[in-house]
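Each chain, letter by letter, is given below.
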Amino acid sequence: MNQIHRKSPFWSLAGPLLGYMAIQFVVQLAIQLVIEMPYIVRAYGKLLHDSRSAVPGMQDILDSYMETLEPAFEIIAAHQVEIATVSAVCTIIMTGILFGRDRKLEQKFGVKTPVKVPLSQYWTVVVFGIAGGIASTCLMAMIQLAFYDERYQQAAQITYSAGLLLQLIGLGVIIPVAEELMFRGILYKRFRERQSFWYSAACSALLFSFMHSNATQMIYAFLLGLMLSYLYEKFGSFRAPVLLHILLNTGSVILTEAGGFRWMAAEPMRMAGAVIAGAFLCSVMFVMIQKLPGGVKAGRPTDGPDQPDMFQ
């Protein structure tokens, strides 16, 4: 635990999360209104023209607006990645400020600085991310074959309908950075000020999973959140979870756009082999990561590198 005492522990967690959600909601609503406004004006003009001959009923008014706004809805649905990317950029402004303030608070209260894993050892995270990205995406595809999730399929179709460059920038970099700042950089670290590793990791991962729209993604996000929190604790640096998250997202985008998953899906044994091989590599990397010197046992003075207090 980091032993930072705040006046309101509840609002120190709820405040940033509500702010994060509010910024996303307001930005997305504003973008949607900008797209819809020309169609709303057109619908209003059409309504005034039609009302000259007869007074329209409420249902007629609603039908007229919905019919005129249908192209706007299609535009919004086709540009969900762009809208999500812009809203993520806006949240980074708030979370970046809070992240910096929290690190200053740690210095003020004399929180022990974790022993950072050398950059030369980050290759383990790279291999873990590449193997994990392949294995997890293939596994979710196999799950969809057995348990079809319509909402997941719709989300995937919208996600991969954007251009490759936009997917790489938005889904691959900006959104992972925004999510890591919120759920690991702020929420996990603030939970960690008073709670054990597992409690902090589970709570932040649970909140992270609730930000996703379907059961398949929620389960994946929860498990991923636990791993990202462990990397943050183990490597003693925010770079580790951000790097893994970026690799997972970009790997999935590149393989999907390159046709790698279609090639594997054509033969069930290929996909099964990819899942097994990816899981094996992730297991090996995880064991190697565990053996790396880094992290701290909070609340205990140490003379050198130590392991994260995962079981405290």
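That block above? That's the structure.
Predicted model, so just to flag it, every value in this text is computed and none were measured.

J.: Sorry, what's going on with the overall build of the protein chain here?
T.: The helix and strand tally for the protein chain stands at 11 helices and 0 strands. Ordered by position from the N terminus, the helices and strands of the protein chain form the series α-α-α-α-α-α-α-α-α-α-α. Looking at the protein chain as a whole, 44% of its 312 residues are labelled buried. In the protein chain, of all internal contacts separated by at least 6 residues, the share reaching a separation of at least 24 is 78%.

J.: Quick question: what am I supposed to make of the pattern of salt bridges here?
T.: Side-chain pairs of opposite charge can arise where the charged atoms are in close proximity. If you walk through the whole model with that rule in mind, you get 7 salt bridges. Through salt bridges with shared partners, a single network forms among R6, D102, R190 and E193.

J.: What's the story with the layout of surface pockets in this structure? I'm lost.
T.: By rolling a water-sized probe across the atoms, one finds the places where empty space is left. Estimated volume of the second largest pocket: approximately 600 Å³. In terms of lining residues, the second largest pocket is bounded by 22 residues, among which G132, S136, Y220, L223 and L224 are the most central. If you list the elements that add at least two residues to the lining of the second largest pocket, you get helix 4 (123–146), helix 8 (215–235), helix 9 (239–257) and helix 11 (268–291). Per-element accounting of the lining of the second largest pocket gives the leading share, 8 residues, to helix 8. Its residues placed into classes, the lining of the second largest pocket shows 18 nonpolar, 4 polar and no charged.

J.: Explanation requested: the side chain of T256 in the structure shown.
T.: If you trace the backbone, T256 turns up in helix 9. Here S252 takes part through its backbone oxygen, which lies 2.7 Å from a polar atom of the side chain of T256. Look past the residues within four positions of T256 in its chain and what remains in contact with it is Y160, F261 and R262.

Reading guide: rules and limits
Residues numbered from 1 in each chain as written. Predicted model: local features only at pLDDT ≥ 70, side-chain atom pairs only at ≥ 80, totals over all residues. Heavy atoms only, no water. Helix = DSSP H or I, 4+ residues; strand = E, 2+ residues; numbered from the N terminus. Buried < 20%, exposed > 50% of the residue type's maximum accessible area, 1.4 Å probe, protein only. Contact = heavy atoms within 4.5 Å. Salt bridge = Lys/Arg side-chain N within 4 Å of Asp/Glu carboxyl O. 1 Å grid on protein atoms, 1.4 Å probe; cavity = no way out; pocket = protein on both sides within 12 Å on 5 of 7 lines; lining within 4 Å. Points joined across faces, edges and corners; volume = space filled by probe spheres on them. Nonpolar A, V, L, I, M, F, W, Y, C, P; charged D, E, K, R; others polar. Polar contact = N/O pair within 3.5 Å; in protein donor to acceptor, adjacent residues only side chain to side chain.

Note that all results are geometric; they support no functional claim without further evidence.
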